[in-house]
Amino acid sequence: TITNLGLRTSGRLAGGRVVLSGGASWQATTGDRDAGFQIGIPALGQTALIRAVAIDRHAGLFQADATFAADDRLRLGLAYSGLMGNNNSEHSARFT
C-alpha cells in the first residue's frame, strides 16, 4: 500500500500568461515491499524468479510545472517530477 500526504500550490504571473505549480509530499509504503515474483510457462514446466529493487519505506515526492502561453494558439510547458528515498531515486522531466 502506498500513501501520499502533501501540499500542492499554483499561481499565475504576467497577466495569466505564465502558470507555475508545484507540490511536495511524503510517500509511505507499507506491506510487502519486495519486488520479486515468479513467472512461468506451464507448457514447458519452467519458472523464473524476477527480482527488482525494493521500494523505500519512506520517500519524498516533488513536482514542479511551468506553462507559458505565447499566444492564444501556442503554449509551452516544462515539468519536473522526482521521488527520492534512502535507497532509490527517480527523476523525470517533460517539455511540451
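Residues numbered from 1 in each chain as written. Predicted model: local features only at pLDDT ≥ 70, side-chain atom pairs only at ≥ 80, totals over all residues. Heavy atoms only, no water.

J.: Explain the sheet that holds strand β7 (residues 89-95) to me, please; I cannot follow it from the model alone.
T.: Sheets are built from strands that pair by backbone hydrogen bonding, the pairs being arranged parallel or antiparallel. If you walk across this open sheet you meet the 5 strands as β1-β2-β5-β6-β7, and the pairing is antiparallel. Two strands lie at the open edges of the sheet, namely β1 (2-13) and β7, each paired on one side alone. Taken pair by pair, the neighbouring strands of this sheet meet at an average axis angle of 10°, ignoring direction. Both strand β2 (residues 18-29) and strand β5 (residues 58-69) contribute to a ladder of 11 bridges, which runs antiparallel. What sits directly across from Ser21, in β5, is Asp65. (Pairing = 2+ DSSP bridges. Helix = DSSP H or I, 4+ residues; strand = E, 2+ residues; numbered from the N terminus. Axes fitted to C-alpha atoms, helices over the stretch in contact; angles between N-to-C directions.)

J.: Whenever I open this one, a nonpolar patch on the surface confuses me. Can you help?
T.: Together, Phe68, Leu74, Leu76, Leu78 and Phe95 line one region of the surface with nonpolar side chains, adding up to about 490 Å² of accessible area. You can see Phe95 is positioned in strand β7. (Patch = residues over 30% accessible without salt bridge, like charges linked within 9 Å, V, L, I, M, F, W, Y side chains within 5 Å. Areas by Shrake-Rupley, 256 points an atom, 1.4 Å probe, with all protein chains shown as cover. Salt bridge = Lys/Arg side-chain N within 4 Å of Asp/Glu carboxyl O.)

J.: Even after reading the chapter, I still don't get the pattern of salt bridges, so can you show me in this structure?
T.: Oppositely charged side chains may form a pair once their charged atoms are brought near each other. Applying the stated criterion across every chain yields a total of 1 salt bridge. Of the charged contacts, one joins Asp65 and Arg94 as a salt bridge, the two residues approaching to 3.9 Å between their closest N and O atoms. Of the two residues, Asp65 is situated in strand β5 and Arg94 in strand β7; the sequence distance between them amounts to 29 residues. Residue classification places Asp65 among the partly exposed positions, given a relative accessible area of 24%. (Buried < 20%, exposed > 50% of the residue type's maximum accessible area, 1.4 Å probe, protein only.)

J.: So what exactly am I meant to see when it comes to the pairing of strand β6 (residues 75-85) here?
T.: In summary, the side chains of a regular strand alternate between the two faces of the sheet. Direction of pairing for β5 relative to β6: antiparallel, over a ladder of 11 bridges. Residue pairing across strands places Ala64 opposite Tyr80, the latter belonging to β6. A loop of 5 residues connects β5 with β6, the two strands running antiparallel in sequence. The pairing of β6 with β7 spans 7 bridges and is antiparallel. Within β7, the residue paired with Ser81 across the bridge is Ser92.

J.: It is not clear to me how unusual backbone geometry should be interpreted in this structure. Could you clarify?
T.: One can expect most non-glycine residues to show negative phi and most peptide bonds to be in trans. We note that Ala14 has phi near 55°; this positive angle belongs to a residue other than glycine. When you line up the elements, Ala14 lands in the loop between β1 and β2.

J.: When you look at the environment of Leu61 in this model, what are you seeing that I'm missing?
T.: Following the sequence through the fold, Leu61 ends up in strand β5. On the basis of relative accessible area, Leu61 is assigned to the buried category, the value being 18%. Residues Leu61 and His91 lie 30 residues apart in sequence; the distance between their C-alpha atoms is 9.9 Å. Not counting residues within four places of it along the chain, the set of residues in contact with Leu61 comprises Asn4, Gly23, Ala24, Ser25, Ser81, Gly82 and Leu83. (Contact = heavy atoms within 4.5 Å.)

By themselves, these observations are geometric and do not establish any function.
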